[in-house]
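Okay, here's what each chain looks like letter by letter:
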Amino acid sequence: MNEHQTLGYHPDNTVIHRLNATAKLVFLLLVSIACMTTYDTRYLLVISIFSLFLFKLANIKWHQISFVMKFIFFFSVLNLLAVYIFEPEYGVQLYGSRHVILEGIGRFTLTQEQLFYLFNLVLKYFCTIPLALVFLLTTNPSSFAASLNKIGLSYKISYAVSLALRYIPDIQEDFFSISQAQQARGFEMSKKGKLTQRLRGTAQIVLPLIFSSLDRIETISTAMELRRFGQKKKRTWYVDQPFLGKDYVLMLSSIALFVVSLLLFKVNGGRFYNPF
């Protein structure tokens with residue numbers, strides 16, 4: 001498994017990489033919460049464009065995220081289809097009007113209101129997914145843990161977060177190693193194989209992946225106990241990234257965007273922007 005194909009930290013010297021990890025986390029959380037709660041299309045559109053701009057600014061290549069993006073795209077489309085199938089006129093109920101685009105069979109009628117609602121859901125994906133990927137691929141786990149501890153969070157919790165971030169690419173590497181071993185035994189799991197065969201092969205990988213993960217957790221726990229981890233109230237950090245002016249600007253920007261989303265609740269009379 002090539003290191004550039006794993007969904008984890010990739011060192012670089014971009015502006016995003018040089019930002020403090022805690023500042024990036026604050027921005028990710030506040031903006032994601034704002035985008036998840038509001039359905040103001042104007043706000044979501046601006047954040048979507050800004051998220052894609054940050055994605056480009058972080059110098060993230062497609063081959064670094066192609067594997068996980070395929071899964072995200074599949075489940076996103078599945079979610080949109082499920083929303084329409086179970087409630088094809090939910091948008092009509094939300095916006096209080098009905099403009100028919102195409103008469104379907106039975107209750108399956110395509111309306112402008114439903115398309116507009118689904119468009120808002122798509123925008124939510126574009127708001128949050130690029131931000132999350134930028135955070136994962138540009139944040140040094142050790143620097144992130146040190147920053148969290150510096151702002152008052154327990155170093156035990158900070159270290160647990162650091163381990164979680166480090167563990168993501170390790171799980172991917174184990175998955176691909178087991179996958180290659182399966183293919184070496186004659187079980188086709190590449191793009192040449194049938195979809196059902198590939199899905200069945202993936203399901204067979206899950207169990208050994210769980211056992212290997214449990215073994216790794218036990219090894220890490222034993223190593224930490226041998227080094228008397230958690231015996232002291234404080235600890236030093238090998239990587240400690242100070243807060244700079246640009247980090248405070250980033251956090252203030254996230255607070256401002258969050259406040260704007262709250263103000264839009266009052267402007268729109270609720271969570272939804274109604275152009276109809």
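Here, every reference points to the structure presented above.
Report follows, based on the coordinates. (Residues numbered from 1 in each chain as written. Predicted model: local features only at pLDDT ≥ 70, side-chain atom pairs only at ≥ 80, totals over all residues. Heavy atoms only, no water.)

1. Describing the side chain of Ser51
The residue Ser51 is located in helix H3 (residues 41–57) in this model. Residue classification places Ser51 among the buried positions, given a relative accessible area of 1%. Among the polar contacts listed, one links the side chain of Ser51 to the backbone oxygen of Cys127, at a separation of 3.0 Å. Those residues in contact with Ser51, other than ones at most four positions away along the chain, are Phe126, Cys127, Pro130 and Leu131. (Helix = DSSP H or I, 4+ residues; strand = E, 2+ residues; numbered from the N terminus. Buried < 20%, exposed > 50% of the residue type's maximum accessible area, 1.4 Å probe, protein only. Polar contact = N/O pair within 3.5 Å; in protein donor to acceptor, adjacent residues only side chain to side chain. Contact = heavy atoms within 4.5 Å.)

2. Brief notes about the packing of aromatic side chains
When we look at a pair of aromatic rings, we describe it by the centre distance and by the angle of the planes. Enumeration over the complete set of coordinates arrives at nine aromatic pairs. Seen from their ring centres, Phe74 and Phe75 are 5.2 Å apart, and the 75° between their planes marks the pair as edge-to-face. Geometrically, the ring pair formed by Tyr84 and Phe108 is tilted, given 6.0 Å between the ring centres and 45° between the ring planes. You can see Tyr84 sitting in helix H4 (residues 62–86) and its partner Phe108 sitting in the loop between strand S1 (100–102) and strand S2 (110–111), a full 24 residues away along the chain. Owing to a relative accessible area of 19%, Tyr84 belongs among the buried residues under this scheme. Accessibility expressed as a relative area gives 33% for Phe108, which makes it partly exposed. It is Arg42 that lies over the ring of Tyr273; its NZ or CZ is 4.1 Å from the centre. (Phe/Tyr/Trp six-rings, centres within 6.5 Å; stacked < 30°, edge-to-face > 60°. Lys NZ or Arg CZ within 6 Å of the ring centre and 35° of its normal.)

3. Structural notes on the packing of helix H7 (residues 141–150) against helix H8 (residues 155–184)
Put simply, H7 and H8 touch, their axes get as near as 8 Å, and they point 160° apart. The pairing of H7 with H8 is recorded here as roughly antiparallel in orientation. The two elements H7 and H8 meet at a crossing, and its hand is right-handed. Contact with H7, carried on its side by Pro141, Ser142, Phe144, Ala145, Leu148 and Asn149, involves Tyr155, Ser158, Tyr159, Val161, Ser162, Leu165 and Arg166 of H8 and no other residues of that element. The residue inventory of the contact of H7 with H8, partitioned by class, reads eight nonpolar, four polar and one charged. (Axes fitted to C-alpha atoms, helices over the stretch in contact; angles between N-to-C directions. Parallel < 35°, antiparallel > 145°, perpendicular 65-115°, else oblique. Left-handed = near helix turned anticlockwise from the far one by under 90°. Nonpolar A, V, L, I, M, F, W, Y, C, P; charged D, E, K, R; others polar.)

4. Focus: the layout of surface pockets
Empty space within the second largest pocket amounts to approximately 350 Å³. Listing elements by their share of the lining of the second largest pocket, those giving two or more residues are H3, H4 and helix H6 (112–138). With eight residues, H4 is the single largest residue contributor to the lining of the second largest pocket. (1 Å grid on protein atoms, 1.4 Å probe; cavity = no way out; pocket = protein on both sides within 12 Å on 5 of 7 lines; lining within 4 Å. Points joined across faces, edges and corners; volume = space filled by probe spheres on them.)

5. Comments concerning the nonpolar core
Judged by nonpolar contacts, the single largest core of 33 residues is most densely connected at Cys35, Ile60 and Phe144. Of all elements in the fold, only helix H2 (21–37), H3, H6, H7 and helix H10 (245–268) reach the threshold of two or more residues within this core. Counting eight residues, the second-largest nonpolar core is a separate cluster that includes Tyr95, Tyr117, Leu118 and Leu121. (Core = buried A, V, L, I, M, F, W, Y, C linked by side-chain atoms within 4.5 Å.)

6. Observations regarding the pattern of salt bridges
Going through the model one piece at a time under the given rule, you end up with two salt bridges. Here Asp40 makes a salt bridge to Arg42, at a shortest N to O gap of 2.8 Å. Take Asp40: its relative accessible area is 0%, and that puts it in the buried class. For Arg98, the salt bridge identified is with Glu89, shortest N-O distance 2.6 Å. Residue Arg98 is classed as partly exposed on the basis of its relative accessible area, which comes to 41%. (Salt bridge = Lys/Arg side-chain N within 4 Å of Asp/Glu carboxyl O.)

7. Brief notes about the state of the cysteines
As used in these notes, a disulfide is a covalent bond between sulfur atoms, one from each of two cysteines. Considering all chains together, one arrives at zero disulfides under this definition. Here Cys35 stays free of any disulfide, with the sulfur of Cys127 as its closest cysteine sulfur at 3.8 Å. Take Cys127: its relative accessible area is 0%, and that puts it in the buried class. (Disulfide = S-S within 2.5 Å.)

8. Some words on the packing of H3 against H6
Helix packing geometry: the angle between the two helix axes and the distance between the axes. Two numbers describe how H3 lies on H6: the axes approach to 8 Å, and their chain directions differ by 30°. By the criterion of interaxial angle, the relationship of H3 to H6 is roughly parallel. The way H3 lies across H6 gives a crossing that is left-handed. Between H3 and H6, the residues in contact are Thr41, Leu44, Leu45, Ile47, Ser48, Ser51, Leu52, Leu54 and Phe55 and Phe116, Phe119, Asn120, Leu123, Lys124, Phe126, Cys127, Pro130, Leu131, Leu133 and Val134, respectively. Broken down by class, the residue content of the contact of H3 with H6 amounts to 15 nonpolar, four polar and one charged.

These values are about where atoms sit, not about what they do.
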